[in-house]
Amino acid sequence: MGDPPEHDLVLEVDGGFRINSGVGSFGYVALGPFNNVLYEECGLLPGKSSSNEAEGHAILKALEFAKDLAYPRKIEVRSDSKNWIRNLQNQNSFSKSVALNDLSGKLQELSESFDLVDWLWVPRKWLRHSHELASAAFLNERKNAAIRKIKRSDFECMPMSHRYAEKAGWND
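Definitions and limits used
- Residues numbered from 1 in each chain as written.
- Predicted model: local features only at pLDDT ≥ 70, side-chain atom pairs only at ≥ 80, totals over all residues.
- Heavy atoms only, no water.
- Helix = DSSP H or I, 4+ residues; strand = E, 2+ residues; numbered from the N terminus.
- Buried < 20%, exposed > 50% of the residue type's maximum accessible area, 1.4 Å probe, protein only.
- Lys, Arg positive; Asp, Glu negative; His and termini not counted.
- Salt bridge = Lys/Arg side-chain N within 4 Å of Asp/Glu carboxyl O.
- Polar contact = N/O pair within 3.5 Å; in protein donor to acceptor, adjacent residues only side chain to side chain.
- Contact = heavy atoms within 4.5 Å.
- Core = buried A, V, L, I, M, F, W, Y, C linked by side-chain atoms within 4.5 Å.
- Axes fitted to C-alpha atoms, helices over the stretch in contact; angles between N-to-C directions.
- Parallel < 35°, antiparallel > 145°, perpendicular 65-115°, else oblique.
- Left-handed = near helix turned anticlockwise from the far one by under 90°.
- Nonpolar A, V, L, I, M, F, W, Y, C, P; charged D, E, K, R; others polar.
- Phe/Tyr/Trp six-rings, centres within 6.5 Å; stacked < 30°, edge-to-face > 60°.

How would you summarise unusual backbone geometry if you had to cite specific residues and measurements?
Its identity as a non-glycine residue notwithstanding, Asn35 has a phi of 65°, on the positive side. Tracing the sequence through the fold places Asn35 in the loop between strand S2 (23-31) and strand S3 (37-44). Judged by relative accessible area, which is 51%, Asn35 ranks as exposed.

Run through the side chain of Asp14, naming residues and quoting values.
Its location among the elements puts Asp14 in strand S1 (residues 9-18). Among buried Asp, Glu, Lys and Arg side chains, Asp14 stands out as unpaired, with Arg124 the closest opposite charge at 4.5 Å. Here the side chain of Asp14 touches His131 through a polar contact of 2.7 Å, side chain to side chain. Excluding its chain neighbours within four sequence positions, the residues that come into contact with Asp14 are Ser25, Phe26, Gly27, Glu55, Ala58, Asp80, Arg124, Ser130, His131 and Ala134.

Which residues make up the nonpolar core, and what values do they have?
Core analysis: the biggest nonpolar cluster contains 31 residues, and Leu11, Ile59, Leu63 and Val77 have the highest contact counts within it. With nine residues, the single largest contributor to this core is helix H1 (residues 51-69). Excluding anything up to four places from it in sequence, Leu63 contacts Leu11, Val77, Leu107, Leu110, Phe114 and Trp119. The next biggest cluster of nonpolar side chains, apart from the first, holds seven residues, and it includes Val10, Leu31, Cys42 and Leu133.

Before we move on, could you go through the environment of Gly16 and cite the residues and values that matter?
By the secondary structure assignment, Gly16 is in strand S1. The exposure class assigned to Gly16 is buried, which follows from its relative accessible area of 13%. Along the backbone, Gly16 and Ser50 are 34 residues apart, and their C-alpha atoms lie at a distance of 9.1 Å. For Gly16, the residues in contact, after removing those within four places along its chain, are Val23, Gly24, Ser25, Ala54, Ala134 and Phe138.

Any chance you could break down the packing of H1 against helix H2 (residues 82-90) for me, citing the residues and the numbers?
Between H1 and H2, whose axes approach to 9 Å, the crossing angle comes to 55°. By the angle class used here, H1 and H2 are oblique. With respect to the hand of their crossing, H1 and H2 are arranged in right-handed fashion. Note on element contacts: H2 touches H1 through Asn83, Trp84 and Leu88, opposite Asn52, Glu55, Gly56 and Ile59. Looking at side-chain class alone, the contact of H1 with H2 contains three nonpolar, three polar and one charged residues.

Lay out the packing of H2 against helix H3 (residues 98-111) in plain terms, naming residues and giving numbers.
Any two packed helices are characterised by the angle at which their axes cross and by the distance between the axes. Running from N to C, H2 and H3 point in directions that differ by 55°, and their axes come no closer than 10 Å. It follows from the interaxial angle that H2 and H3 lie oblique. The chirality of how H2 crosses H3 is right-handed. Residues Trp84, Asn87 and Leu88 of H2 lie in contact with H3, whose contacting residues are Leu100, Leu103, Ser104, Leu107 and Gln108. A class-by-class count of the residues in the contact of H2 with H3 yields five nonpolar, three polar and no charged.

Help me get a handle on the packing of aromatic side chains, residues and values and all.
This model, assessed by the stated rule, comprises four aromatic pairs. Residues Tyr28 and Tyr39 carry aromatic rings whose centres are separated by 6.0 Å and whose planes lie at 35° to one another, so their mutual orientation is tilted. Highlighted residues: Tyr28 in strand S2 and Tyr39 in strand S3, separated in sequence by 11 residues. By the burial criterion, Tyr28 is buried, and Tyr39 matches it. Here Tyr39 and Phe65 contribute two aromatic rings whose centre-to-centre distance is 4.5 Å and whose plane-to-plane angle is 10°, an arrangement assigned as stacked.

Structure below.
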């Protein structure tokens, strides 16, 4: 047997942005301690946004999901946004953007809900799954469906409850 996993939950996140319309999207994948996909979600962001706002909201949605689980205490967040990872690692502020600074404050406050949050920058090619989800939200835009929830094996992707946490083996 190997060493136990360092993190209870890994969140791979990505934001999408359309320059022409100013529409943003998010996608994230929640991975269990052994890299098993537990949940994935994508959607469009309300109103106009920027690419940085889309990336930040992807992180926010993923952390809110993790907080709703109640169990994971050690989280790793993987993103291809150097701006956000640097900001959250160093607890800096974005120089001029009030919206980004507000979002950063929410993320820092939410991260305090966990014993440990490791912020990890990774190349986009490592986030293929979450990137595809963020892109899929734009495809659903025409159908007026803001959220895509996907079934993985016997784990139904819907708002998490303790019942699903048990199914994922987190309440043992």
